[in-house]
Amino acid sequence: MLNGGSIGYFGVERGLRQGDPISPMLFIIAKEVLCRRLTDLVAKKRLKALNGPRGATTPMHSVFADDIFIFSNALIRLKEEGGLGLRRLRDMNKATLCSLAWRIKHEKSFAYNFLRARFLKRNGSLRPGYRASSIWPGIREVWGLIVANERWMVGNGRKIDFWKDKWVNGFSVQDSVEDTGDQGPLMIDRFITSF
């Protein structure tokens, strides 16, 4: 573009390197072209902006330092199908929440031990509510999905306690049998003969 008009093709003789002083300017030019094209597509009704809550106006796109968020219902197609390969923010959020819920439920680390203590009862079920958290509603929303679809993979059996882990229809063997006494850990790998 030159003075607001297209000047056609120009050849590139040298590449850019990271940190090149012209890189930010090229990003701004590319961002400007993309933003104008998106606005044009909305004006021609080829793209539909998302409806805002209670009739509020929503932005079509938002640009940050090196990110762009596009709020539209029409660009969500795979690259192979001629789309931009963008993903729905709602789907990405749900996937991230599922991953977080899974990790809270299963991973052994200081951070996830803390989150387990904060959000779960001793029996591993969710606490009824936790008001002072921005992630709690999302975790609660996907928790049932995680519980309904998780499966045990025995692997080598070194991490599954026969008596205490809830590996049979959501119950531990110790919970299912009336009086087992105080059984010490009995790891499944003791029952696996050839691994």
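The following paragraphs examine the structure supplied in this document.

A short note on the overall build of the protein chain
Consideration 1: Across its full length, the protein chain holds five helices and two strands.
Consideration 2: Going from the N terminus to the C terminus, the protein chain shows its helices and strands as α-β-β-α-α-α-α.
Consideration 3: Taken across its 195 residues, the protein chain has 19% of its residues classed as buried.
Consideration 4: Counting every atom, the protein chain has about 15,700 Å² of accessible surface; 55% of that belongs to carbon and sulfur.

Considering the layout of surface pockets
Consideration 1: Put simply, the largest pocket is a space of about 1,300 Å³.
Consideration 2: Looking at the largest pocket, it is lined by 35 residues, and the ones nearest its centre are Lys-105, His-106, Trp-152, Asp-165 and Lys-166.
Consideration 3: Contributions of two or more residues to the lining of the largest pocket are made by helix H2 (89-106), helix H3 (110-119) and helix H4 (136-149).
Consideration 4: In terms of residue class, the lining of the largest pocket is built from 12 nonpolar, 10 polar and 13 charged.

Focus: the packing of aromatic side chains
Consideration 1: Going through the model one piece at a time under the given rule, you end up with one aromatic pair.
Consideration 2: Relative to Trp-136, the ring of Phe-119 lies with its centre 5.3 Å away and its plane at 20 degrees, an arrangement referred to as stacked. Taken together, the residues Phe-119 in helix H3 and Trp-136 in helix H4 connect sequence positions 17 residues apart.
Consideration 3: With a relative accessible area of 1%, Phe-119 lands in the buried category.
Consideration 4: By relative accessible area, Trp-136 is classed as buried at 1%.

Focus: the packing of H2 against H3
Consideration 1: Where H2 meets H3, the closest approach of the two axes is 8 Å, and the angle between their N-to-C directions is 90 degrees. The angle between H2 and H3 places the two elements in the roughly perpendicular class. Along its contact with H2, which presents Leu-100, Arg-103, Ile-104, Lys-105 and His-106, the element H3 presents Tyr-112, Leu-115, Arg-116 and Phe-119.
Consideration 2: Considered class by class, the residues forming the contact of H2 with H3 number five nonpolar, one polar and three charged.

Remarks on H4
Consideration 1: Helix length check: H4 (14 residues) gives 20 Å between terminal C-alpha atoms against 20 Å at 1.5 Å per residue, within 8%.
Consideration 2: Burial in H4 covers these residues: Trp-136, Gly-138, Ile-139, Val-142, Trp-143 and Ile-146.
Consideration 3: For H4, the elements touching its buried residues are H2 and H3.

Conventions and cut-offs
- Residues numbered from 1 in each chain as written.
- Predicted model: local features only at pLDDT ≥ 70, side-chain atom pairs only at ≥ 80, totals over all residues.
- Heavy atoms only, no water.
- Helix = DSSP H or I, 4+ residues; strand = E, 2+ residues; numbered from the N terminus.
- Buried < 20%, exposed > 50% of the residue type's maximum accessible area, 1.4 Å probe, protein only.
- Areas by Shrake-Rupley, 256 points an atom, 1.4 Å probe, with all protein chains shown as cover.
- 1 Å grid on protein atoms, 1.4 Å probe; cavity = no way out; pocket = protein on both sides within 12 Å on 5 of 7 lines; lining within 4 Å.
- Points joined across faces, edges and corners; volume = space filled by probe spheres on them.
- Nonpolar A, V, L, I, M, F, W, Y, C, P; charged D, E, K, R; others polar.
- Phe/Tyr/Trp six-rings, centres within 6.5 Å; stacked < 30°, edge-to-face > 60°.
- Axes fitted to C-alpha atoms, helices over the stretch in contact; angles between N-to-C directions.
- Parallel < 35°, antiparallel > 145°, perpendicular 65-115°, else oblique.
- Contact = heavy atoms within 4.5 Å.
- Expected span 1.5 Å × (residues − 1).

By themselves, these figures tell us nothing about what the structure is for.
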